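Coordinate inspection notes
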Amino acid sequence: MRILVLGGSTESSDLSRRLAADGRFEVVLSLAGRTRNPGAQPVPLRSGGFGGVDGLVAWLREHRTEAVIDATHPFAARMSAHAVAACRQLDVPLASIDRPAWLRQPGDDWLGVASAAEAVTALGAVPRRVLLTMGRLELGAFAAAPQHHYVARMIDAPGDVALPPDLRVLLARGPFDEAAEAALLDDEKIDVIVSKNSGGGAAYGKIVAARQRGLRVIMIARPHKPRGTLLANPVDAMAWLERGLHQNVSRSPRGV
């Protein structure tokens, strides 16, 4: 069974390992290409966009793809929309792994915003020490608030993105445990964290450490993400594909 996995999440890496160990599936893992040096993968890898819906349709046709798993990052809404449209056009089964968002817990001091630009406004005028845990492409928004000291943690160096003047970049790849996050917050004397609500366990340590210290988290909400058949995790994705080997998988994407 020929499978395209749209990746960019811990779930896509987990699913790729499971599929690589099962000879019944022929898998290609697609990454958007925003991370310059992605981790090694056990299946064939393609990097970069498809060229919109039409490009994805052409690729699926050329490779005679029989099913698509959308395991993109929770904020990759455009790719998910393209997948829904392309799979609907070709009548290719599509399933989407939807990682649950983090929920506010007792003791959390969260301020919800809709974008990085709103997060900049929420930081206020008084200079603060800010931990930014997001991709390099969002850093430019914070140049509009140069009064703050920023510590930005990311996988790749920001490159030619416009940056705030008082910025320290930490290059690191998760997961990050609670003890390491607590040490980072203390060592850098962080006052406030700006984070996307990515969900999952790999980056949750900073939320726990902030809760313990009474620090505010400016939480960027997820965008609406079109999806196919809803799956909770890679185990469910394997079961969905298993059923597809023996019966017709539902051909009507839901949640669009």
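Residues numbered from 1 in each chain as written. Predicted model: local features only at pLDDT ≥ 70, side-chain atom pairs only at ≥ 80, totals over all residues. Heavy atoms only, no water.

By the element assignment, Asp70 lies in strand S4 (residues 67-70). Using a relative accessible area of 2% as the deciding quantity, one classes Asp70 as buried. Excluding its chain neighbours within four sequence positions, the residues that come into contact with Asp70 are Leu6, Ser80, Leu94, Ala95, Ser96, Ile97, Lys225 and Pro226. (Helix = DSSP H or I, 4+ residues; strand = E, 2+ residues; numbered from the N terminus. Buried < 20%, exposed > 50% of the residue type's maximum accessible area, 1.4 Å probe, protein only. Contact = heavy atoms within 4.5 Å.)

Turning to helix H7 (residues 234-246), a few remarks are in order. With 13 residues, H7 extends 19 Å between its outermost C-alpha atoms, agreeing within 8% with the 18 Å of an ideal straight helix rising 1.5 Å per residue. Every buried residue belonging to H7 is among Pro234, Ala237, Met238, Trp240, Leu241 and Gly244, and all of these are buried. End-on view of H7: buried residues confined to an arc of 160°, all on one side of the axis. Here the buried face of H7 lies against strand S1 (2-6), helix H1 (10-20), S4, strand S5 (94-97) and strand S12 (229-231). By the N-cap criterion, in which a side-chain oxygen at the helix start approaches the backbone nitrogen of a residue two or three places on, H7 is capped by Asn233, the distance to Val235 being 3.1 Å. (Expected span 1.5 Å × (residues − 1). Arc of directions from axis to C-beta. Polar contact = N/O pair within 3.5 Å; in protein donor to acceptor, adjacent residues only side chain to side chain.)

A few words now on helix H6 (residues 205-213). Of the positions making up H6, those classed as buried are Gly205, Lys206, Ile207, Val208, Ala209 and Ala210. Buried residues in H6 make contact with strand S6 (109-113), strand S7 (129-133), strand S8 (149-154), helix H5 (178-187), strand S10 (192-196) and strand S11 (216-220).

Mapped onto the elements of the fold, His148 is located in the loop between S7 and S8. A polar contact is formed between the side chain of His148 and the backbone oxygen of Gly124, at a distance of 3.1 Å. Other than its neighbours up to four places away in sequence, His148 contacts Leu123, Gly124, Val126, Pro127, Arg128, Val130 and Asp166.

Taking burial as the measure, the 5 residues of S1 include 4 buried ones, the bulk of the element. Bridge analysis of S1 against strand S2 (residues 26-31) gives 5 bridges, and the strand direction is parallel. Residue pairing across strands places Leu4 opposite Val28, the latter belonging to S2. For the segment spanning S1, H1 and S2, crossover handedness is right-handed. As defined by bridge partners, S1 adjoins S4 across 4 bridges and the pair is classed as parallel. Paired with Leu4 across the bridge in S4 is Val68. (Pairing = 2+ DSSP bridges. Right-handed = clockwise from strand over helix to strand, strands pointing away.)

With that out of the way, let us pick up the packing of aromatic side chains. The description of an aromatic ring pair rests on the distance of the ring centres and on the angle between the ring planes. A full pass over the atoms with the stated rule returns 3 aromatic pairs. Relative to Trp59, the ring of Phe50 has its centre 5.8 Å away and its plane inclined at 75°; by these criteria the two rings are edge-to-face. Since its relative accessible area comes to 14%, Phe50 is described here as buried. Ring centres of Phe142 and Tyr150 lie 5.7 Å apart, and the angle between their planes is 65°; on these two criteria the pair is classed as edge-to-face. (Phe/Tyr/Trp six-rings, centres within 6.5 Å; stacked < 30°, edge-to-face > 60°.)

Looking now at unusual backbone geometry. Gly174 connects to Pro175 through a cis peptide bond whose omega is 10°. If you trace the backbone, Pro175 turns up in the loop between strand S9 (167-171) and H5. Backbone geometry at Asp91 places phi at a positive 60°, although glycine is not the residue there. Inspection of the secondary structure assignment puts Asp91 in the loop between helix H3 (77-90) and S5.

Here we take up the sheet that holds S4. Two orientations exist for strands paired in a sheet by backbone hydrogen bonds: parallel and antiparallel. Reading across from one edge, S3-S2-S1-S4-S5-S12 is the order of the 6 strands in this open sheet, with parallel pairing throughout. Only two strands of the sheet have a single partner each, and these edge strands are strand S3 (45-47) and S12. Averaged over all pairs of adjacent strands, the angle between strand axes in this sheet comes to 25°, irrespective of strand direction. Strands in contact with H1 are S1, S2, S4 and S5; relative to S1, the strand with the most contacts, it is inclined by about 160°. Its contacts with the sheet place helix H2 (residues 52-62) against S1, S2, S3 and S4, and it is angled at close to 150° to S1. (Axes fitted to C-alpha atoms, helices over the stretch in contact; angles between N-to-C directions.)

Another point: the packing of H5 against H6. Put simply, H5 and H6 touch, their axes get as near as 8 Å, and they point 55° apart. Comparing the axis directions of H5 and H6 gives the class oblique. Where H5 crosses over H6, the two elements pack in a sense that is right-handed. On H6, the residues that touch Glu178, Glu181, Ala182, Leu185 and Asp186 of H5 are Gly205, Lys206, Val208, Ala209, Ala210, Gln212 and Arg213. When the residues that make up the contact of H5 with H6 are grouped by side-chain class, the tally is 5 nonpolar, 2 polar and 5 charged. (Parallel < 35°, antiparallel > 145°, perpendicular 65-115°, else oblique. Left-handed = near helix turned anticlockwise from the far one by under 90°. Nonpolar A, V, L, I, M, F, W, Y, C, P; charged D, E, K, R; others polar.)

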